[in-house]
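Okay, here's what each chain looks like letter by letter:
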Amino acid sequence: MIPEHHNHVVTTVESVPAEAATESPTLLQRIRKVFNRELLLTLALGQVLSLLICGIGLTSKYLADDFHANTPVFQSFLNYILLFLVYTTTLAVRQGEENLLAILKRRWWKYMILGLIDIEANYLVIKAYQYTTLTSVQLLDCFVIPVVLLLSWFFLLVRYKAVHFVGVGVCLLGMGCMVGADVLVGRQQGLGDHKLLGDLLVLAGATLYGISNVCEEFIVKNLSRVEFLGMMGLFGSFFSGIQLAIMEHKELLKVPWDWQIGLLYVGFSACMFGLYSFMPVVIRRTSAAAVNLSLLTADLYSLFCGLFLFQYKFSGLYLLSFFIIVLGLILYSSSSTYVAQDPRVYKQFRNAGAPITDAPTAGPMEPSVTYTSLGQEMEEEPRIRVA
């Protein structure tokens, strides 16, 4: 009996190092899985969007400060016209259910509302610069992130983990460092007489941006990127044209037109068109929340350009804020979010007004889980059953 018990003890003790040896490679594999090529590519795509926003901000600043061309509606109108010429005409020449008329017949009123939301979001944030400080706009514009998170949770049924909220918090901390650096170096441009009004305009614009981005994520992941951009071009050009005729026709007459102003308008339109065309690609690959976190670095790129173009003062906190925001993006992307949903939800959107004949009418619903991480393509997403 004693030898048998002794052998049992020996085998048990010897098995512990073997188990420990298998744990270390697993941890290393997880680290390598996070810091892979897909993560770096996705972070780079987000920074491309930030650079486009930087171009939009620089051209707008030159137009407003150097040429006194305060025409935010006209600038948006040019972008919607480009979207109309490229994407709406593409829908018009398509055949079948993806044709422009077929889409309008099924979902025209939804895209009309979405177009109005997108137009007014752009207008409200640009208008706020006349009443409040640049620092307030930068800080309050971050309100779009909790709006996107909440709307994604309730309407897209996205489920987050603790690491995602930590990543968001770190990104916002980096944004706070940038705002603090602005205060230290005295960048208080845009201070007006009605600061409270300006702050409310920013909050309203950020809320509308959040709604627009969540709707965009739903459409590009479940319908079509070209459909979204084509509908934005159609309704955006129509309603922004009406708003332009009512609100800015006098401002356009005051613009001292020459080749420099024309070149700035072309540059602004090119950057805005690139942003609208490229953002659905990145949102389809990631999510609206991840894209908005990436866009926090846009103000830093504008600042770095301003150091050379507008003689801005430099602070080491700007570099610190950039690295903190990037760290937050890495934390957010280190784990996948997932979507628990009933597949019939999307079927109802596609076939609005028509009864669903192939869906089961009895029995419990079986939602699915769809993973939407920064490093995964939508076509490769597994579908598993939720217990």
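Given the structure is predicted, the values throughout are model-derived calculations rather than measurements.

Engineer: Please explain the overall build of the protein chain as it appears in this structure.
Structural biologist: Broken down by element type, the protein chain carries 15 helices and 4 strands. Out of the 387 residues belonging to the protein chain, those deemed buried represent 47%. Sequence-distant contacts in the protein chain: of pairs separated by 6 or more residues, those separated by 24 or more amount to 84%.

Engineer: What is the right way to read unusual backbone geometry from this model?
Structural biologist: In most cases, non-glycine residues show a negative phi, while peptide bonds are predominantly trans. Although it is not a glycine, His68 adopts a positive phi angle of roughly 55°. You can see His68 is positioned in the loop between α2 (37-66) and α3 (72-92). On the accessibility criterion, His68 (59% relative accessible area) is exposed. Positive phi, normally seen in glycine, also occurs at Leu157, with a value near 60°.

Engineer: I tried to follow the packing of helix α7 (residues 162-185) against helix α14 (residues 316-333) on my own but got confused; where do I start?
Structural biologist: Packed helices, taken two at a time, are described by the angle between their axes plus the distance between the axes. The N-to-C vectors of α7 and α14 enclose an angle of 170°; their axes lie 7 Å apart at closest approach. When the interaxial angle is binned, α7 and α14 end up roughly antiparallel. Broken down by class, the residue content of the contact of α7 with α14 amounts to 20 nonpolar, 5 polar and 1 charged.

Engineer: What is the right way to look at the side chain of Asn213 in this model?
Structural biologist: Mapping Asn213 onto the fold places it in helix α8 (residues 195-222). Residue classification places Asn213 among the buried positions, given a relative accessible area of 10%. In contact with Asn213, other than residues within four places in its own chain, are Val144, Val148, Met279, Ala288 and Asn292.

Engineer: In this structure, what is going on with the pattern of salt bridges? I would like to understand it.
Structural biologist: Where charged atoms from two side chains of opposite charge approach closely, those side chains can pair. Going through the model one piece at a time under the given rule, you end up with 3 salt bridges. For the salt bridge of Arg106 with Glu97, the shortest nitrogen-to-oxygen distance reads 2.7 Å. Across the salt bridge formed by Arg107 and Glu227, the nearest N and O atoms sit 2.9 Å from each other. Of this pair, Arg107 sits in helix α4 (residues 100-128) while Glu227 sits in helix α9 (residues 225-247); the two residues are 120 residues apart in sequence, bridging distant segments of the chain. Each member of the pair, Arg107 as well as Glu227, is classed as buried.

Engineer: Mind showing me how you'd approach the confidence of the model for the protein chain here?
Structural biologist: Do not read the fine detail of predicted coordinates wherever pLDDT is low. With 75% of its residues at a pLDDT of 70 or more, the protein chain has an overall mean of 78. Low confidence marks residues 1-24, where pLDDT is under 50. Its contacts with residues over four positions away, or in another chain, come to 0 contacts. Across residues 343-387 the pLDDT falls below 50, and counting only partners more than four positions away or on other chains, this stretch makes 80 contacts in the model.

Engineer: Please explain α14 as it appears in this structure.
Structural biologist: In an α-helix, one full turn covers 3.6 residues, which means residues spaced three or four apart are oriented alike. Taking 1.5 Å of rise per residue, the 18 residues of α14 would be expected to cover 26 Å, and the 26 Å separating its terminal C-alpha atoms lies within 8% of that figure. Of all the residues in α14, the buried ones are Tyr318, Ser321, Phe322, Ile324, Ile325, Gly328, Leu329, Ile330, Tyr332 and Ser333.

Engineer: What's the story with the environment of Lys313 in this structure? I'm lost.
Structural biologist: Examined against the element boundaries, Lys313 turns out to sit in the loop between α13 (298-309) and α14. The exposed category is assigned to Lys313, whose relative accessible area is 57%. Taking the C-alpha atoms as reference points, Lys313 and Ala181, 132 residues apart in sequence, are found 9.7 Å from one another. Among residues more than four places away in sequence, those in contact with Lys313 are Val185, Leu303, Leu307 and Tyr318.

Engineer: How should the packing of aromatic side chains be read in this particular structure?
Structural biologist: Any two aromatic rings considered together are summarised by their centre-to-centre distance and by the angle between their planes. According to the stated counting rule, one finds 11 aromatic pairs in the structure shown. Between Phe235 and Phe239, the ring centres sit 6.5 Å apart and the planes meet at 15°, which makes this aromatic pair stacked. With Phe235 and Phe239 both in helix α9 and 4 residues apart, this pair spans about one turn of that helix. For the residue pair Phe235 and Phe239, the accessibility class agrees, reading buried in each case. Here Tyr301 and Phe322 contribute two aromatic rings whose centre-to-centre distance is 6.1 Å and whose plane-to-plane angle is 65°, an arrangement assigned as edge-to-face. A residue pair is termed long-range when its members are at least 10 positions apart, and Tyr301 in helix α13 and Phe322 in helix α14 qualify at 21 residues.

Engineer: Explanation requested: a nonpolar patch on the surface in the structure shown.
Structural biologist: A grouping of Leu150, Trp153, Phe154, Phe155 and Phe165 is seen on the molecular surface, where their side chains present a nonpolar patch of about 600 Å² in accessible area. In terms of residues, the nonpolar patch owes the most to one element, helix α6 (residues 144-154), which gives 3 residues. By secondary structure assignment, the location of Trp153 is in helix α6.

Engineer: Explanation requested: the environment of Gly233 in the structure shown.
Structural biologist: Tracing the chain through its elements places Gly233 in helix α9. Expressed as a C-alpha distance, the spacing of Gly233 and Thr89, which sit 144 residues apart in the sequence, is 9.5 Å. For Gly233, the contacting residues outside a window of four places in its chain are Tyr80, Leu83, Phe84 and Thr88.

Engineer: I tried to follow the nonpolar core on my own but got confused; where do I start?
Structural biologist: General note: in soluble globular proteins, nonpolar side chains tend to be found buried as a group. Judged by nonpolar contacts, the single largest core of 72 residues is most densely connected at Met231, Leu293 and Leu296. Setting aside residues no more than four positions away along its own chain, Leu293 makes contact with Ile145, Val168, Cys171, Ile325, Leu329 and Tyr332. Counting 21 residues, the second largest nonpolar core, distinct from the first, contains Phe74, Ile117, Val255 and Leu264.

Rules and cut-offs
- Residues numbered from 1 in each chain as written.
- Predicted model: local features only at pLDDT ≥ 70, side-chain atom pairs only at ≥ 80, totals over all residues.
- Heavy atoms only, no water.
- Helix = DSSP H or I, 4+ residues; strand = E, 2+ residues; numbered from the N terminus.
- Buried < 20%, exposed > 50% of the residue type's maximum accessible area, 1.4 Å probe, protein only.
- Contact = heavy atoms within 4.5 Å.
- Axes fitted to C-alpha atoms, helices over the stretch in contact; angles between N-to-C directions.
- Parallel < 35°, antiparallel > 145°, perpendicular 65-115°, else oblique.
- Nonpolar A, V, L, I, M, F, W, Y, C, P; charged D, E, K, R; others polar.
- Salt bridge = Lys/Arg side-chain N within 4 Å of Asp/Glu carboxyl O.
- pLDDT = per-residue confidence, 0-100.
- Expected span 1.5 Å × (residues − 1).
- Phe/Tyr/Trp six-rings, centres within 6.5 Å; stacked < 30°, edge-to-face > 60°.
- Patch = residues over 30% accessible without salt bridge, like charges linked within 9 Å, V, L, I, M, F, W, Y side chains within 5 Å.
- Areas by Shrake-Rupley, 256 points an atom, 1.4 Å probe, with all protein chains shown as cover.
- Core = buried A, V, L, I, M, F, W, Y, C linked by side-chain atoms within 4.5 Å.

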